[in-house]
Amino acid sequence: MKTRNGYARGALTVHSDPAALTAVTRALRGAGRKIVLVPTMGALHDGHRELIRHARKVPGAVVPVVSIFVNPLQFGPNEDLTRYPRPLEADLEACREEGVELVLTPQVEHMYPPGSQTRIVAGGLGADLEGASRPGHFDGVLTVVAKLFHIVGPDVALFGEKDYQQLALIKRMVLDLDFGVSVVGVPTVREPDGLARSSRNVYLSAEDRERALLLSRALRAGAAVSAYGADAVLERAREVLAGLPVEYLELRDAETLGAPVPGARARLLVAARVGTTRLIDNVPVQL
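Per an unreviewed UniProt entry, the protein chain goes by the name Pantothenate synthetase and belongs to Pseudonocardia xishanensis. Its UniProt record gives the protein chain a comment under Subunit (unreviewed entry), which states: "Homodimer." Word for word, the UniProt comment on the protein chain under Pathway (unreviewed entry) is "Cofactor biosynthesis; (R)-pantothenate biosynthesis; (R)-pantothenate from (R)-pantoate and beta-alanine: step 1/1."

In structure tokens:
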């Protein structure tokens, strides 16, 4: 049975009105419950399910909250906003199966009312790597994440490591703007053949999907020769990617995404187009 504030413990409650969800999460925190947010754009796959499972494992009286919102601010003028998959009923069923208690499904006008102008600026890192190919993308990401943090008021927020630069920038924003949120990265979930799970994989033809495997193979091959230094890592990965239109292949420091430091943790990141679909992936590297 739902309470007056629109919440029933152990059952799924869906809110489209951000203010209504805020009232619920405030009441729950006041009752000693811990709010764990999993922000998504929907089209939920096993990677999202893994985030939800991690949310349920956070110590304490946890309330998993999933947001489903296709954020227009993070799409460029020639990107796939209009065709981005929106299977809401299937997404809600996945949330039920994973024991989610609260889902936020706002409309664009809820998140960005008419006349809305203020945006978060991602800074220098936001213009690098993904940001160089997608100008303004991370400004849009950080703006919507900041709004979700204010709406939901989470104690913990979970993000997949597949979008590693995004994770780094969100951690930076939380630090710089004094958000009282613990941001946790969850390792990339992969298909049995190594392909990183992504909502955009549905765009791949059978032939393109086979070619897409070159990304994870190249990253693994590069990481395997890390004992020989950064140049060897990049050279080996480039050999595997030969013939694929690569936008960037970079080895960066795992914390700052600046130049890698010998002996420190690093991250090998790649973006490439496979057919008409743009894919990204990354793996940890110990130099």
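Trainee: Sorry if this is basic, but what is going on with the overall build of the protein chain here?
Mentor: Looking only at helices and strands, one finds 9 helices and 9 strands in the protein chain. Its C-alpha radius of gyration of 19 Å places the protein chain within 12% of the 19 Å reference for a compact globule of 287 residues. Taken across its 287 residues, the protein chain has 52% of its residues classed as buried. Across the protein chain, the fraction of contacts at a sequence separation of at least 24, relative to all contacts at a separation of at least 6, is 69%. Split by element, the accessible area of the protein chain, about 13,300 Å² in all, is 52% carbon and sulfur.

Trainee: Even after reading the chapter, I still don't get the pattern of salt bridges, so can you show me in this structure?
Mentor: For side chains bearing opposite charge, pairing can occur when the charged atoms are close. Counted under the stated rule, the structure contains 24 salt bridges. For Lys 162, the salt bridge goes to Asp 163, with nearest N and O atoms at 4.0 Å. Between Arg 217 and Glu 210 there is a salt bridge, and its shortest N-O distance comes to 3.8 Å. Residue classification places Arg 217 among the partly exposed residues on the basis of a relative accessible area of 36%. Under the relative-accessibility criterion, Glu 210 is labelled partly exposed at 46%. Through salt bridges with shared partners, a single ionic network connects Glu 79, Glu 130, Arg 134, Glu 247, Arg 273 and Arg 278.

Trainee: Looking at this structure, how should I read the UniProt feature "active site" (unreviewed entry) in the protein chain?
Mentor: Following the UniProt record, one finds the feature "active site" (unreviewed entry) at His 48. Within the secondary structure layout, His 48 lies in helix 2 (residues 46–57).

Trainee: Whenever I open this one, the nonpolar core confuses me. Can you help?
Mentor: For soluble globular proteins, the rule of thumb is that nonpolar side chains tend to be buried together. Counting 34 residues, the largest nonpolar core has Val 65, Leu 102, Val 145, Phe 149, Phe 159, Ile 170 and Val 183 as the members making the most contacts within it. Secondary-structure elements contributing two or more residues to this core are helix 1 (18–30), strand 2 (34–40), strand 3 (62–68), strand 4 (102–104), helix 6 (137–152), strand 5 (156–160) and helix 7 (164–176). Setting aside its immediate chain neighbours within four residues, Val 145 contacts Phe 159, Ile 170 and Met 173. Listed in part, the 24 residues of the second largest apolar core include Leu 195, Ala 237, Leu 249 and Leu 251.

Trainee: Help me understand the UniProt feature "binding site: (R)-pantoate" (unreviewed entry) in the protein chain, please; the structure alone is not making it clear to me.
Mentor: Cross-referencing UniProt, the feature "binding site: (R)-pantoate" (unreviewed entry) maps to Gln 74 and Gln 166 in the present numbering. A stretch of 93 residues holds the annotated residues, and the largest C-alpha distance among them is 11.3 Å, short enough that they meet in one place. Topologically, Gln 74 is positioned in the loop between strand 3 and helix 3 (88–97). Not counting chain neighbours up to four residues away, the residues in contact with Gln 74 comprise Met 41, Glu 79, Arg 134, His 137, Gly 140, Val 141 and Val 144.

Trainee: What am I meant to see in helix 1 here?
Mentor: At 3.6 residues per turn, the α-helix brings residues three or four places apart onto the same side. Over its 13 residues, helix 1 extends 18 Å from the first C-alpha to the last, a length consistent with the 18 Å expected when each residue adds 1.5 Å. Buried within helix 1 are the following residues: Pro 18, Leu 21, Thr 22, Val 24, Thr 25 and Leu 28. Seen from one end, helix 1 has its buried residues packed into an arc of 165°, which puts them on one side. Opposite the buried face of helix 1, by more than 90 degrees, sit the exposed residues Ala 19, Arg 26 and Gly 30. Looking at the buried side of helix 1, the elements it contacts are strand 1 (13–15), strand 2, strand 3, strand 4, helix 4 (108–111) and helix 6. Once helix 1 finishes, Gly 32 follows within two positions and takes phi at roughly 90°, a positive value.

Trainee: Honestly, the environment of Phe 75 in this entry has me stumped. Any pointers?
Mentor: Relative to the helices and strands, Phe 75 is located in the loop between strand 3 and helix 3. Judged by its relative accessible area of 10%, Phe 75 is buried. Note: C-alpha distance between Phe 75 and Val 141 (66 residues apart in sequence) is 9.4 Å. Among all residues touching Phe 75, those that are not within four sequence positions of it are Met 41, Val 70, Asp 80, Leu 81, Tyr 84 and Arg 200.

What counts as what
- Residues numbered from 1 in each chain as written.
- Predicted model: local features only at pLDDT ≥ 70, side-chain atom pairs only at ≥ 80, totals over all residues.
- Heavy atoms only, no water.
- UniProt positions renumbered as here; feature names shortened; annotations may be inferred.
- Helix = DSSP H or I, 4+ residues; strand = E, 2+ residues; numbered from the N terminus.
- Rg over C-alpha atoms; globule rule 2.2 N^0.38 Å.
- Buried < 20%, exposed > 50% of the residue type's maximum accessible area, 1.4 Å probe, protein only.
- Contact = heavy atoms within 4.5 Å.
- Areas by Shrake-Rupley, 256 points an atom, 1.4 Å probe, with all protein chains shown as cover.
- Salt bridge = Lys/Arg side-chain N within 4 Å of Asp/Glu carboxyl O.
- Core = buried A, V, L, I, M, F, W, Y, C linked by side-chain atoms within 4.5 Å.
- Expected span 1.5 Å × (residues − 1).
- Arc of directions from axis to C-beta.

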